[in-house]
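Architecture at a glance
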Amino acid sequence: MKFNTQLVHGGESVMKSTLPPIVQSSAFTFESAEDQEKVFAHKKMGYAYTRIGNPTITAFESQINAIEGGRGALACSSGMAALSLAFLNICQPGDEIIAGWNLYGGTIELFKDLAHYGITTHFISLNDAAVLESTINAHTKVIFGEMLSNPSLEILDVEKVSSIAHDHGLPLFVDNTAATPYLIQPLKHGADVVIHSSSKYINGTSNAISGVIIDGGRFPWDIAQYPSLQAYGKYKKMAYYMRLRDDLSQNIGACLSPQNAYLNVLGLETLGLRMQRICENALALAKHLESLGVKVNYPALHDPLTALLNGHGGGLLTCDVGDKEKAFQVINRLKLAHIVSNIGDVKTLVVHPASTIAVHNTIKEQERAGVYPGTIRVSVGIEDIEDLKADFDQAIKGE
Ligand SMILES: *Cc1c(COP(=O)(O)O)cnc(C)c1O
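As annotated in an unreviewed UniProt entry, the chain carries the name homocysteine desulfhydrase and is attributed to Intestinibaculum porci. Annotation of the chain in UniProt includes, under Cofactor (unreviewed entry), the sentence "pyridoxal 5'-phosphate". According to the UniProt record, the Sequence similarities (unreviewed entry) comment for the chain reads "Belongs to the trans-sulfuration enzymes family."

Spelled out as structure tokens, the structure:
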């Protein structure tokens, strides 16, 4: 099946309803005590308790797993929960993570939290092979980057970085939130684990917070190197996923609600259509802003790595209108575009990163992330492009 066919047919349920039922129940009954024993011993497939599993959550997990080309997915209560679990599943005190320095602010904060548990993160430019090679050491456990960074909009050279990681016996984890599987399925380009804030493009209409981890099931986990996976060694390349699913996620308890899983199934069905329109609009708006003399950063305008993204640039762009005062003026004059720090909606959203999402970062961190006093980030929606152009026209020209 091709992309859009798989999207709309991936969430169908065993009950033959066209959408999975919302099983809004915390717990499940059993025919007999023997039956219950079998399910708890993993000798029979079945549901016991929604923190551990639920049919609506399974429907979303199967749908996203198929579309990313994974071998197992785990849905979580938020993107941050997914990221936390993804690293905690294999890291312990003394371990080191190597991450891109252009990460989502919340993820940088998470890595600062992990430092209190003895897990150190090095922030580097991952696409710089020499720097990456020289940062890897005996304590390194995982390399992590965002496929399309936000708001610097740099594309991870996933094939090059994964091959360096694998040469050193390390897995590459990729946050695919901003790129989405419409632009790229990183597992097919060498990544080992993909993480999403599904609150964004996957959900699509900003109606539920959620996250998901998808394991490609191809990394040969060495139990001596990853002691937390010890009890799961028998699962070989599925050791990471099995420990995540049967152990850590149940104990941390950051499960997705069935209602939100259902909303994600609905959203995911139209991901292809939405992204197609969003990418068209974003490219047209980027060109239009350039024609007005505004400095624009949109990957499809200049980055050869967009070849990895089927030539698309995604739904985010940034523009620099000079200084903070001018940026605030433009933002305040926009009538269609909403002032929102979120991304991935069908509506166009704008934010002034320097005073909001990047306000806790140093000037140097902001500059690395492409954030200057005059920068505005636009998460382009599916509106008619002529209306969007007109809205930005009047906001920039101040007429
Ligand atoms: C939003 C976002 C997150 C965090 O996800 P939540 O669902 O808000 O917890 C992580 N990474 C990226 C790239 C994001 O955009």
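**Examining the packing of helix 13 (residues 324-333) against helix 15 (residues 385-397)**
Geometry of a packed helix pair, given as the angle between the helix axes and the separation of the axes. At a minimum axis distance of 8 Å, the contact between helix 13 and helix 15 shows a crossing angle of 140 degrees. Comparing their axes, helix 15 and helix 13 come out oblique. In the packing of helix 13 onto helix 15, the handedness of the crossing is right-handed. Here helix 13 contributes K326, V330 and R333 to the contact with helix 15, which in turn contributes Q394, A395 and I396.

**Concerning unusual backbone geometry**
Cis geometry marks the peptide bond from N150 to P151; its omega dihedral reads 10 degrees. Here P151 is to be found in the loop between strand 4 (140-146) and helix 7 (158-167). Unlike most non-glycine residues, H42 shows phi in positive territory, near 60 degrees. Residue placement: H42 occurs in the loop between helix 2 (33-40) and helix 3 (55-68). The phi angle at S206 is positive, at roughly 50 degrees, despite the residue not being glycine.

**Overview of the side chain of D393**
One can find D393 in helix 15. A polar atom in the side chain of D393 sits 2.8 Å from the side chain of H288. If we ignore the near neighbours within four places in the chain, the residues touching D393 are H288, L292 and G398.

**Notes on the packing of aromatic side chains**
The full count for this structure, using the stated rule, is 12 aromatic pairs. Ring geometry for F3 against Y182: centres 5.8 Å apart, planes inclined by 65 degrees, an arrangement best described as edge-to-face. Of this pair, F3 sits in helix 1 (residues 3-9) while Y182 sits in helix 8 (residues 180-183), and the two are 179 residues apart along the sequence. We classify F3 as buried; its relative accessible area is 18%. Their ring planes at 65 degrees and their centres at 5.1 Å tell us that F87 and F111 sit as a pair that is edge-to-face. One end of the pair, F87, is in helix 4 (residues 79-88); the other, F111, is in helix 5 (residues 105-115), and 24 residues separate them in sequence. Assigned by exposure class, F87 and F111 land together as buried. An aromatic cluster is present here, built from F87, F111, F123, F144, F173, F219, W221, Y226 and Y240 joined pairwise through their rings.

**Some words on the pattern of salt bridges**
Tallying each qualifying case throughout the model produces nine salt bridges. Close ionic contact of K160 with D157 constitutes a salt bridge, the shortest N to O distance being 3.9 Å. Look at K160 and you get partly exposed, because its relative accessible area is 32%. With a shortest N-O distance of 3.8 Å, D247 and R243 are connected by a salt bridge. Residue D247 and its partner R243 are both found in helix 9 (residues 239-252); the two are separated by four residues, about one turn of the helix.

**Things to note about helix 5**
Regarding helix 5, the residues found buried are T107, I108, L110, F111 and L114. Seen end-on, helix 5 carries its buried residues on one side only, within an arc spanning 155 degrees. Where the residues of helix 5 are buried, they touch helix 4, strand 2 (96-100), strand 3 (120-124) and strand 4.

**Here's the deal with the environment of K389**
Structurally, K389 can be placed in helix 15. Placed 105 residues apart in sequence, K389 and A284 show a C-alpha to C-alpha distance of 8.6 Å. Excluding anything up to four places from it in sequence, K389 contacts A284, L285 and H288.

Criteria and cut-off values
Numbering of residues begins from 1 in every chain and follows the order in which that chain's sequence is written. Selection of residues for local features in this predicted model requires a pLDDT of at least 70, selection of side-chain atom pairs for listing and counting requires 80 or more, and totals for whole chains, interfaces and linings are taken over all residues. Hydrogens are left out, water is left out, and the side-chain values use all remaining heavy atoms of the structure. UniProt positions are given in the numbering used here, feature names are shortened, and annotations may be inferred rather than shown by experiment. Axes here mean lines fitted to C-alpha atoms, for a helix over just the part in contact, with angles spanning 0 to 180 degrees between N-to-C directions. A run of H or I in DSSP counts as a helix once it spans at least four residues, and a run of E counts as a strand once it spans at least two, with each numbered from the N terminus. Any angle from 65 to 115 degrees is called roughly perpendicular, while one under 35 is roughly parallel, one over 145 is roughly antiparallel, and all others are oblique. Crossing handedness is defined as follows: a turn of the near helix away from the far one that is anticlockwise and smaller than a right angle gives a left-handed crossing, while the clockwise case is right-handed. Throughout, a residue-residue contact means that at least one pair of heavy atoms, one from each residue, lies within 4.5 Å. Polar contact criterion, stated in full: a pair of N or O atoms within 3.5 Å, where within protein one must be able to donate a hydrogen and the other to accept it, and residues adjacent in sequence count only if both atoms are side-chain atoms. Stacked, edge-to-face and tilted are the three classes for Phe, Tyr and Trp ring pairs, Trp counted by its six-membered ring, which pair at centre distances within 6.5 Å; planes under 30 degrees apart are stacked, over 60 edge-to-face, the rest tilted. To sort residues, take the accessible area from a 1.4 Å probe on protein chains only and compare it with the maximum for the residue type: under 20% means buried, over 50% means exposed, and anything in between is partly exposed. When a carboxyl oxygen of Asp or Glu is within 4 Å of a side-chain nitrogen of Lys or Arg, the pair counts as a salt bridge. Arc, as used here, means the arc of the directions from the helix axis to the C-beta atoms.

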